Structure formats: structure tokens, C-alpha cells
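Close look at the chain arrangement
Here are the chains, one letter per residue:
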Amino acid sequence: AQSVAQPEDQVNVAEGNPLTVKCTYSVSGNPYLFWYVQYPNRGLQFLLKYITGDNLVKGSYGFEAEFNKSQTSFHLKKPSALVSDSALYFCAVRPWGYNQGGKLIFGQGTELSVKP
Amino acid sequence: GAGVSQSPSNKVTEKGKDVELRCDPISGHTALYWYRQSLGQGLEFLIYFQGNSAPDKSGLPSDRFSAERTGGSVSTLTIQRTQQEDSAVYLCASSSHTQETQYFGPGTRLLVL
């Protein structure tokens, strides 16, 4: 079965410190991987994606993610956290295949809290 | 440019009533997706459209759920005879192609009393 796991329900970080939000996946074929962020009472905002190429992907708001095929991981990182980064973060994978139609499979989400 | 819009933003209904949720995708986007976000189930795929056709309806939880898309643009998700377990946030997304990034609307928060 194709799935995405975010092992931490919550991550707490002090402002200015680096942050990591973890994601591992299980899919057949080559994965297309995404990170989205959700602020309270808002929809999901796209942060970044990995399709192919360089394993380090840079996205919006200073976020980046590293694709690791051997560990089947796609962890989200930021060198210096801001209080405004506090939100719910979702990792998603798009199953590979013509008949998959592009639907996304999401992890359960990780609540990031950045304290001043 | 305008993003994905959804209406209503909030909907409160009584058990057994029918509801319609609307999604306006980004102009020119041919692919449209519906997802449901609930506390117990997280984010689940419901259905996707390519143009006006729906090649994948595998996520619709029961035959009370249906969706259509007209003119390759607006989509309506209909829930008949609503149940309390239908309470959730219904999210719509669109992309220029099924292989491209999906952009989400703000969602419709449905509460079934």
C-alpha cells in the first residue's frame, strides 16, 4: 500500500534555531513528493516539491527539503525558524502511474510551534 | 491572479439534509480535485476531474456523495442525506495538468447537527 508517515505529531523549536519536520514514504515507482503548510482556518499552501534531479529542493519562505531514496525520506528543513512559521505541515506523495491521475496521499500532519 | 475559491466557507446543516459545495478552480486549470479533512481521518482524496470527466472516483466514501464539473471549470460536490460523520472540511484543488502542482482553496467547513 502506498503511504506517507509523519512520525511527529508536534515539533517545538525556539525562534532562530534550525527546524526539521520528518516525512517518510512508501510508494511504488519513482515518487513525486510535496510539502504543504496550513495556517488556522486556511487551505493548504504549496511549499516545495521533488520530482527528479537534485536531492535538495528549495521552496517558499526559506524552506528546503532533502530527498533520500535509500531511507525513503523527504524531511522539511529551515536553517532559522520564525514565530510566523508556526503552522500545520503536511507531506504528500503522488503515486506514480498514468492511471493515478495525480491524486495526493497525505501524511497525518505535524504541528510546528516556534516560540520566541 | 485569482486562486481557487470555494463556497460557502461554512455550512451548518441538519442530519438528513442535502448540501452542495462549490469550487471555482484557477482559470485554465484542467485538473480539479476534491479532498476531505477530518480529525479522525486526516486528509483524504475524494475524486478528481480531468476536464468534465471524473476518471477516479475511488475516494468517495458512499453513494451519498457525488460530484460534477461543467464547462471544464466550476465543480459541485453534493452530499445527500447528510450524516454527522460527514462533518469535515472539504478542500478543492486545481492544477494545470495532472502532473503539476495542486493549488488549494480555503475549504468549506461542514457541520452536520
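Please refer to the structure higher up on the page.
Below is a summary of the structure that appears in this document. The residue numbers shown here count from 1 along each chain, following its written sequence. Throughout, the order in which chains and ligands are written sets their labels, letters from A for the former and numbers from 1 for the latter. Given that this is a predicted model, residues contribute local features only at a pLDDT of at least 70 and side-chain atom pairs are listed and counted only at 80 or more, while totals for whole chains, interfaces and linings are drawn from all residues. In computing side-chain properties, one takes all heavy atoms of the structure into account and sets aside hydrogens as well as water.

**Quick notes on the nonpolar core**
Residue and element names in this part refer to chain A. In this description, a nonpolar core means a group of buried Ala, Val, Leu, Ile, Met, Phe, Trp, Tyr and Cys residues linked to one another through side-chain atoms lying within 4.5 Å. We call a residue buried when its accessible area falls under 20% of the maximum for its residue type, exposed when it is over 50%, and partly exposed in between, using a 1.4 Å probe and counting protein chains only. In terms of nonpolar packing, the biggest core is built from 27 residues, with W35, L47, L48, F74, L76 and Y89 touching the most fellow members. What counts as a helix is a DSSP run of H or I of at least four residues, what counts as a strand is a run of E of at least two, and both are numbered from the N terminus. For this core, the elements supplying multiple residues, two or more each, are β2 (10–14), β3 (19–21), β5 (32–38), β6 (44–50), β8 (64–68), β9 (73–78), β10 (87–94) and β12 (110–115). Looking at this core, the element that brings in the most residues is β10, giving 4 residues.

**Some details on the state of the cysteines**
The term disulfide refers to a covalent linkage connecting the sulfur atoms of a pair of cysteines. We call a pair of cysteine sulfur atoms a disulfide when they lie within 2.5 Å. Evaluated as defined, the whole model comprises 2 disulfides over all chains. What pairs with A:C23 in a disulfide is A:C91, and their sulfur atoms sit 2.0 Å apart. Its torsion about the S-S bond being -65°, the disulfide of A:C23 and A:C91 is classed as left-handed. In this pair, A:C23 sits in the loop between β3 and β4 (24–26) while A:C91 sits in strand β10, placing the two residues 68 residues apart along the sequence. Since its relative accessible area comes to 0%, A:C23 is described here as buried. Across the disulfide, B:C23 is cross-linked to B:C92 (sulfur-sulfur distance 1.8 Å). Since a negative S-S torsion denotes a left-handed disulfide, the B:C23-B:C92 link at about -65° is left-handed. Within this pair, whereas B:C23 is found in strand β3 (residues 19–24), its partner B:C92 is found in strand β9 (residues 88–95), the two being separated by 69 residues in sequence. We classify B:C23 as buried; its relative accessible area is 0%.

**Quick look at the packing of aromatic side chains**
Any two of the Phe, Tyr and Trp rings considered here, Trp counted by its six-membered ring, make a pair once their centres fall within 6.5 Å; the pair's planes then place it as stacked at under 30 degrees, edge-to-face at over 60, or tilted in between. The full count for this structure, using the stated rule, is 16 aromatic pairs over all chains. Ring centres of A:Y25 and A:F67 lie 6.2 Å apart, and the angle between their planes is 20°; this geometry places the pair in the stacked category. Remark: A:F67 occurs in strand β8 and A:Y25 occurs in strand β4; sequence separation between them is 42 residues. Taken together, the ring pairs in this structure connect A:F34, A:Y36, A:F46, A:F90, A:F106, B:Y33, B:Y35, B:F45, B:Y48, B:Y103 and B:F104 into an aromatic cluster.

**A look at the sheet that holds strand β7 (residues 65–69) of chain B**
All names here are of chain B. A pair of strands is labelled paired if DSSP reports no fewer than 2 bridges between them. Strand order in this open sheet of 4 strands is β1-β3-β8-β7, and the pairing throughout is antiparallel. Edge positions in the open sheet fall to β1 (5–7) and β7, since each of these has one partner strand only. Pairwise comparison of adjacent strand axes, ignoring direction, gives a mean angle of 15° for this sheet. Where β7 lies against strand β8 (residues 75–79), 5 bridges are found, and the strand directions are antiparallel. Paired with F65 across the bridge in β8 is I79. For helices, the fitted line uses only the C-alpha atoms of the stretch in contact; every axis is such a line through C-alpha atoms, and the angle between N-to-C directions lies from 0 to 180 degrees.

**So, the interface of chain A and chain B**
Any two residues whose heavy atoms approach within 4.5 Å at even a single point are treated as in contact. Taken together, the contact pairs 19 residues of chain A with 19 residues of chain B. When two components associate, each loses some accessible surface as probed by a 1.4 Å sphere; the sum of these losses over both components is called the buried area. In this assembly, chain A packs against chain B so that about 1,500 Å² is buried in total across both faces, 49% of it on carbon and sulfur atoms. With its nearest N and O atoms 3.6 Å apart, the salt bridge here joins B:D56 to A:K103. Two N or O atoms form a polar contact when they lie within 3.5 Å of each other; inside protein one atom must be a possible hydrogen donor and the other a possible acceptor, and for residues adjacent in sequence the pair counts only when both atoms belong to side chains. The tally of links from chain A across to chain B stands at 6 residue pairs in polar contact (both at pLDDT 80 or more). Elements with a contribution of two residues or more to the side of chain A that touches chain B: β5, β6 and β10 of chain A. Looking at the side of chain A that touches chain B element by element, the count peaks at 4 residues for β5(A). Charged residues are taken to be Asp, Glu, Lys and Arg, nonpolar residues to be Ala, Val, Leu, Ile, Met, Phe, Trp, Tyr, Cys and Pro, and polar residues to be all remaining types, Gly included. Looking at side-chain class alone, the side of chain A that touches chain B contains 9 nonpolar, 6 polar and 4 charged residues. Here a salt bridge means any side-chain nitrogen of Lys or Arg lying within 4 Å of a carboxyl oxygen belonging to Asp or Glu.

**Re the side chain of B:H29**
Residues and elements named next belong to chain B. Looking at where H29 falls in the secondary structure, it is placed in the loop between β3 and β4 (31–38). For H29, a relative accessible area of 12% corresponds to the buried category. Apart from residues no more than four positions distant in its own chain, H29 is found in contact with R69, G72, S94, S95, S96 and Y103.

Distances and angles like these do not, on their own, reveal function.
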